[in-house]
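This is what each chain is made of:
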Amino acid sequence: MALKSLVLVLGFAVAIVSAAEYRRPPPRNSLSRSLVKELDDVDSTSPQQVHISLSGENNMRISWITSDPTPAVVYYGTSPGANTFSANGSTNQYKYLLYKSGEIHNAIIGPLNRNTVYYYRCGSTSSPELSFKTPPSTFPIKFSVLGDPGQTEWTKTTLDHISKSDYDVLLLPGDLSYADFYQPLWDTFGQLVQPLASARPWMVTHGNHEIEKIPVVRREKFTSYNARWVMPYEESGSSSNLYYSFEVAGVHVIMLGSYADFGPDSDQYRWLQSDLGKVDRSKTPWLIAVVHAPWYSSNEAHQGEYESVGMKKAMEDLLYKARVDAVFAGHVHAYERFVRVYKDEANECGPVYINIGDGGNREGLASRYMDPQPKVSGFREPSFGHGQLLVVNATHALWSWHRNDDDVAVASDHIWLTSLLSVSNCS
Ligand SMILES: *[C@@H]1O[C@H](CO)[C@@H](O)[C@H](O)[C@H]1NC(C)=O
Ligand SMILES: *[C@@H]1O[C@H](CO)[C@@H](O)[C@H](O)[C@H]1NC(C)=O
Ligand SMILES: [Fe+2]
């Protein structure tokens, strides 16, 4: 009894101390009930869960779902109501245990002009009109970075902040819906992000929550993710939707796959080598990578996992030698920024590693850090938020982290990055 109260008192004391360090936001509810209701109100041939992604230099992939079969056609043009152009795509469906997905449509439209607003309708000319803006052809360009979003009221706050940030392209380092085998949550996630993801390209890679393999019962991995979030892997010479690259406005972006094989004999490794070999820094002065499981983290969560440690061991050299400027990761539900680092030591030619897994999912924050803070860890804080990378020109980019508790205009952490191309010792 005495021991039990001592433990309680100690626990309470620890709670008070950490509460003094950070004003931790309280948990918020999952949104699924209201999102399910929204989906119930959509009629069976209306497009839902619309999202768009870059496909090659001048095209956009439009993805959407209908409950009943409808044509996979997109009508689009540069003024409201225009049907100047149309493009036909394809439709697929998947089954997962007793769940059968809606009709998942994908159509590639273009060629499109840069920095231009397009109006479009999915499935028929009488569908609701949506619009998006294509990214610019050159600097400046702004990326938003959203990690591990899930679908809670915190996620909604993060999305509200991002929608006010006037960004061009969103990068998502994995763990999207937190459906966790319950497939209708993929649909509610699609509905939650549609207002943003139908208006700007969302470029995603997978996390562990996308695997959805069930021992004995279901061996196939990434079924839902690969059906719903097709990325430009074929366009970038990859044989798998689990890793790919793309180029936009002078930035080459590599989307790695933590849960696909990454060893020196793997397809992903060979693809990465060949993709890095094709990078032309005179055309894309900036080179960044995105991955789910962080290679650098001083948070206590997920320490020592194979996907972090093993992948770092296998691929850190490739990224270092290619002079990758920055690597964004998720998985750990907190924010942390490292200095330029290589093999655990500060190194002016290494990438800046940034963990941004704090989008707001239902698992909550990862609040415990290793003590003392490693020298190479520049800033760390367990709060929900998102990041912005404003690439100003060929040499300068401003990275900022925006905590949800503050106004979006407030950068809770920010740093100017200089592209490694312009650092004479490194080029
Ligand atoms: C799309 O398919 C429809 C029906 O098969 C056809 O009439 C139309 O010409 C096609 N449009 C394009 C742009 O290929
Ligand atoms: C690039 O942007 C930085 C930051 O705004 C500025 O100081 C620098 O002069 C710019 N470089 C060029 C070549 O315009
Ligand atoms: Fe994760």
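Residues numbered from 1 in each chain as written. Chains lettered and ligands numbered in written order. Predicted model: local features only at pLDDT ≥ 70, side-chain atom pairs only at ≥ 80, totals over all residues. Heavy atoms only, no water.

As recorded in an unreviewed UniProt entry, the chain goes by the name Purple acid phosphatase, listed as coming from Rehmannia glutinosa. UniProt, in its Catalytic activity (unreviewed entry) section for the chain, records the words "a phosphate monoester + H2O = an alcohol + phosphate". The Sequence similarities (unreviewed entry) field of the UniProt record for the chain holds the comment "Belongs to the metallophosphoesterase superfamily. Purple acid phosphatase family." (UniProt positions renumbered as here; feature names shortened; annotations may be inferred.)

Okay, the coordination of the iron ion (ligand 3) next. On the protein side, the iron ion (ligand 3) has Asp175 (OD), Asn208 (OD1), His292 (NE2) and His331 (ND1) as donor atoms, found 2.1 to 2.2 Å from it. One can describe the donor arrangement at the iron ion (ligand 3) as irregular, given that its four donor atoms subtend angles of 88 to 169° at the metal. Mapping the donors of the iron ion (ligand 3) onto the primary sequence gives the spacing D-x32-N-x83-H-x38-H. Of the two residues, Asp175 is situated in the loop between β12 (169–172) and α4 (184–197) and His331 in the loop between β17 (326–329) and β18 (335–342); the sequence distance between them amounts to 156 residues. Like Asp175, the residue His331 is buried in the burial classification. (Donors = N, O, S within 2.8 Å, 3.2 Å for Na, K, Ca; no water. Tetrahedral: all angles 85-135°; square planar, octahedral: opposite > 155°, others 65-115°. Helix = DSSP H or I, 4+ residues; strand = E, 2+ residues; numbered from the N terminus. Buried < 20%, exposed > 50% of the residue type's maximum accessible area, 1.4 Å probe, protein only.)

Attention now moves to the side chain of Glu210. Structurally, Glu210 can be placed in the loop between β13 (202–204) and α5 (223–228). Of the buried charged residues, Glu210 lacks a salt bridge, with Arg228 as the closest side chain of opposite charge at 10.0 Å. Looking at Glu210, its side chain comes within polar contact range of the main-chain nitrogen of Leu176, at 2.8 Å. Separated by 2.7 Å, the side chain of Glu210 and the backbone nitrogen of Gly207 make a polar contact. Apart from the residues within four sequence positions on either side, Glu210 is in contact with Gly174, Asp175, Leu176, Ser177, Trp186, Phe222 and Tyr225. (Lys, Arg positive; Asp, Glu negative; His and termini not counted. Salt bridge = Lys/Arg side-chain N within 4 Å of Asp/Glu carboxyl O. Polar contact = N/O pair within 3.5 Å; in protein donor to acceptor, adjacent residues only side chain to side chain. Contact = heavy atoms within 4.5 Å.)

Spatially, β13-β12-β11-β22-β23-β24 is the arrangement adopted by the six strands of the open sheet, whose pairing is mixed. On the outer flanks of this sheet lie β13 and β24 (413–418), each paired with one strand and no other. With direction set aside, neighbouring strand axes in the sheet form an average angle of 20°. (Pairing = 2+ DSSP bridges. Axes fitted to C-alpha atoms, helices over the stretch in contact; angles between N-to-C directions.)

This brings us to the packing of helix α6 (residues 267–278) against helix α7 (residues 306–321). Between α6 and α7, the shortest axis-to-axis distance is 11 Å and the interhelical angle comes to 15°. Judged by the angle between their axes, α6 and α7 are roughly parallel. The way α6 lies across α7 gives a crossing that is right-handed. Only Met311, Ala314, Met315, Leu318 and Leu319 of α7 make contact with α6, whose side of the interface consists of Gln268, Tyr269, Leu272, Gln273 and Leu276. Considered class by class, the residues forming the contact of α6 with α7 number eight nonpolar, two polar and no charged. (Parallel < 35°, antiparallel > 145°, perpendicular 65-115°, else oblique. Left-handed = near helix turned anticlockwise from the far one by under 90°. Nonpolar A, V, L, I, M, F, W, Y, C, P; charged D, E, K, R; others polar.)

With that out of the way, let us pick up the state of the cysteines. Under the defined criterion, the tally for this structure stands at one disulfide. For Cys349, the disulfide goes to Cys426, at an S-S distance of 2.1 Å. Judged by the torsion about the S-S bond (-80°), the Cys349/Cys426 disulfide is left-handed. With a gap of 77 residues between them, Cys349 in the loop between β19 (345–346) and β20 (352–356) and Cys426 in the segment after β24 connect regions that are remote in the sequence. Judged by its relative accessible area of 7%, Cys349 falls in the buried class. Judged by relative accessible area, Cys426 falls into the buried class, the value being 4%. (Disulfide = S-S within 2.5 Å.)

Here we take up the packing of helix α3 (residues 153–163) against α4. Between α3 and α4, whose axes approach to 10 Å, the crossing angle comes to 10°. Classified by the angle between their axes, α3 and α4 sit roughly parallel to one another. Contacts between α3 and α4 involve Thr155, Leu159, Ile162 and Ser163 from the first element and Leu192, Val193 and Leu196 from the second. Of the residues assigned to the contact of α3 with α4, the class counts are five nonpolar, two polar and no charged.

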